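Descriptive structure summary
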Amino acid sequence: MRAGTKQVMATVPDAAAAALAAAGVDSRHRLCCALSGGVDSVALLDVLDTLRQRFGYALEAAHVHHGLNPAADEWQDFCAALCERRGVPLNVFKAEVSRDHPGGLEEAARIARHAALSRVACDWLVLGHHLDDQAETVLFRLLRGAGVRGAAAMAAIEPAQAVGQVGRLRPLLETGREEILAYAREKKLDWINDDSNADLRFTRNDLRHRILPAIEARFPAARLTLARAAEHFREAAGLLDELAQADAAAALLPPSSAYGGCHLPQEGGRAFSRTFLLGLSPARLANLLRWELRRLGAMPPSTARLAEAMRQLRATPGPLYLPLGDDYACHSRRGRVWLTPARLD
């Protein structure tokens, strides 16, 4: 065994084991590995297979067939054969990818993939994202003008937010791409090489192959520092959530109120004091509204849409209906402010 090989072989499973332990994974849990067939997901499946006797969890895998690549059927067959050899049940999902999505084909495929994987019946969906992915995601989102929450990128552990939802684990998030590749080679694993990963027309590929290497020529530790920045952003986002929760509790009107004849939604609807909200700074009010929308499961509004809604809320004392996006709207009437799904309006 070459020098350094033993360390690589130990480090990758040990890093994953630490993440599983931190998430409290044990024999009560059912884990599902998102398996594309690429080296990251194949290495992840190998690690999870290796650790399942130690932790006692049930293990299965899920493969999303996008149909975008001529070799998509072969990839599915590869994943099926791999799982059969390891005795791991495989779920296969056929995904319809929109060809005219405003975010492009890359974004449309990501949305379709996440929608498919959300249907897996398990306790934890385990994803093969690693440190290089984290750095690329932070840079990508910053270049698109993301706020603190967006720049926080991915978390290693994302517990389910409600009963019936699935938690997400990324046990290799602190492990680099080269380390995973070295592990896969030493274990003599087979994987698929997706030729589209070299296509620089896709933004993330351009970041990975051209832009980040150029940055690293000046800042050699760029990937590590970008990943570290994500941790700082996540900490700040957590503090903003705590502030929003405190503001919401202070602004919340009692459910026993008659609401002055206002219509309120049945699904999680609650009313806030308009006087209290208007006493907040613009940044603090925006933070509260974004937090409440996330609590309701709504898509985040654009900065411009939210700013216009807040302007009208401050400028117009009478009844208001303020769209915040395609799925939710803000209402104001008789000193009360509340949110409703657009379908109820």
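Presented here is an overview of the structure given in this document. What you are looking at is a predicted structure, and each value in this text was computed from that prediction instead of being measured.

This next bit is on the packing of helix 5 (residues 131-143) against helix 8 (residues 203-218). Contact pair helix 5 / helix 8: the axes reach a minimum separation of 10 Å and the direction vectors enclose 100 degrees. Comparing the axis directions of helix 5 and helix 8 gives the class roughly perpendicular. Residue-level contacts link Asp133, Glu136, Thr137, Leu139, Phe140 and Leu143 of helix 5 to Thr203, Arg204, Leu207, Arg208, Ile211, Leu212 and Ile215 of helix 8. Partitioning the contact of helix 5 with helix 8 into residue classes produces seven nonpolar, two polar and four charged.

A separate point is the packing of helix 9 (residues 222-251) against helix 11 (residues 282-295). Each pair of packed helices gets described by two things: the angle between the helix axes and the distance between those axes. Taken N-terminus to C-terminus, the directions of helix 9 and helix 11 make an angle of 90 degrees; their axes are 9 Å apart at the nearest point. With respect to their mutual orientation, helix 9 and helix 11 come out roughly perpendicular. Note on element contacts: helix 11 touches helix 9 through Arg284, Asn287, Leu288, Trp291 and Arg294, opposite Leu240, Asp241, Leu243, Ala244, Gln245, Asp247 and Ala248. Across the contact of helix 9 with helix 11, the residue classes tally to six nonpolar, two polar and four charged.

We now examine the pattern of salt bridges. Tallying each qualifying case throughout the model produces 22 salt bridges. In this structure, Arg30 and Glu60 form a salt bridge, with 2.3 Å as the shortest nitrogen-oxygen distance. With Arg30 in strand 1 (residues 30-34) and Glu60 in strand 2 (residues 58-65), the pair connects residues that are 30 residues apart, well separated along the chain. Its relative accessible area of 6% is what places Glu60 among the buried residues. Two residues, Asp199 and Arg201, come together in a salt bridge whose shortest N-O distance is 2.6 Å. The network of salt bridges with shared partners includes Asp132, Asp133, Glu136, Arg177, Arg208, Glu216 and Arg223.

Moving on to the state of the cysteines. Under the definition given, this model contains zero disulfides. Cys122 forms no disulfide, and the closest cysteine sulfur to it belongs to Cys32, at a distance of 5.0 Å. Here Cys122 falls in the buried class, since its relative accessible area comes to 10%.

Take the environment of Arg208 next. Turning to its location among the elements, Arg208 is positioned in helix 8. Not counting residues within four places of it along the chain, the set of residues in contact with Arg208 comprises Asp133, Glu136, Arg177, Asn197, Pro213 and Arg223. At 3.2 Å, the side chain of Arg208 forms a polar contact with the side chain of Glu136.

Leu20, Leu31, Leu48 and Tyr57 are the most contacted members of the largest nonpolar core, which has 38 residues in total. Only helix 1 (5-22), strand 1, helix 2 (39-55), strand 2, helix 3 (72-86), strand 4 (124-126) and helix 7 (177-186) provide two or more residues apiece to this core. The dominant element in this core, judged by the number of residues it contributes, is helix 2, at nine residues. With residues up to four places along the chain from it excluded, the contact list for Leu48 reads Leu20, Leu31, Cys33, Tyr57, Leu59 and Val126. Counting 25 residues, the second-largest nonpolar core is a separate cluster that includes Ala248, Ala251, Leu280 and Leu288.

One open sheet accounts for six strands, arranged 3-2-1-4-6-5; its pairing is mixed. Each edge of the open sheet carries a strand with a single partner, namely strand 3 (90-94) and strand 5 (157-158). Both strand 1 and strand 2 contribute to a ladder of five bridges, which runs parallel. Considered in strand 2, the bridge of Cys32 is made with Glu60. The strands touched by helix 2 are strand 1, strand 2 and strand 4; relative to strand 1, the strand with the most contacts, the crossing angle is about 160 degrees.

The rules we used
- Residues numbered from 1 in each chain as written.
- Predicted model: local features only at pLDDT ≥ 70, side-chain atom pairs only at ≥ 80, totals over all residues.
- Heavy atoms only, no water.
- Axes fitted to C-alpha atoms, helices over the stretch in contact; angles between N-to-C directions.
- Helix = DSSP H or I, 4+ residues; strand = E, 2+ residues; numbered from the N terminus.
- Parallel < 35°, antiparallel > 145°, perpendicular 65-115°, else oblique.
- Contact = heavy atoms within 4.5 Å.
- Nonpolar A, V, L, I, M, F, W, Y, C, P; charged D, E, K, R; others polar.
- Salt bridge = Lys/Arg side-chain N within 4 Å of Asp/Glu carboxyl O.
- Buried < 20%, exposed > 50% of the residue type's maximum accessible area, 1.4 Å probe, protein only.
- Disulfide = S-S within 2.5 Å.
- Polar contact = N/O pair within 3.5 Å; in protein donor to acceptor, adjacent residues only side chain to side chain.
- Core = buried A, V, L, I, M, F, W, Y, C linked by side-chain atoms within 4.5 Å.
- Pairing = 2+ DSSP bridges.

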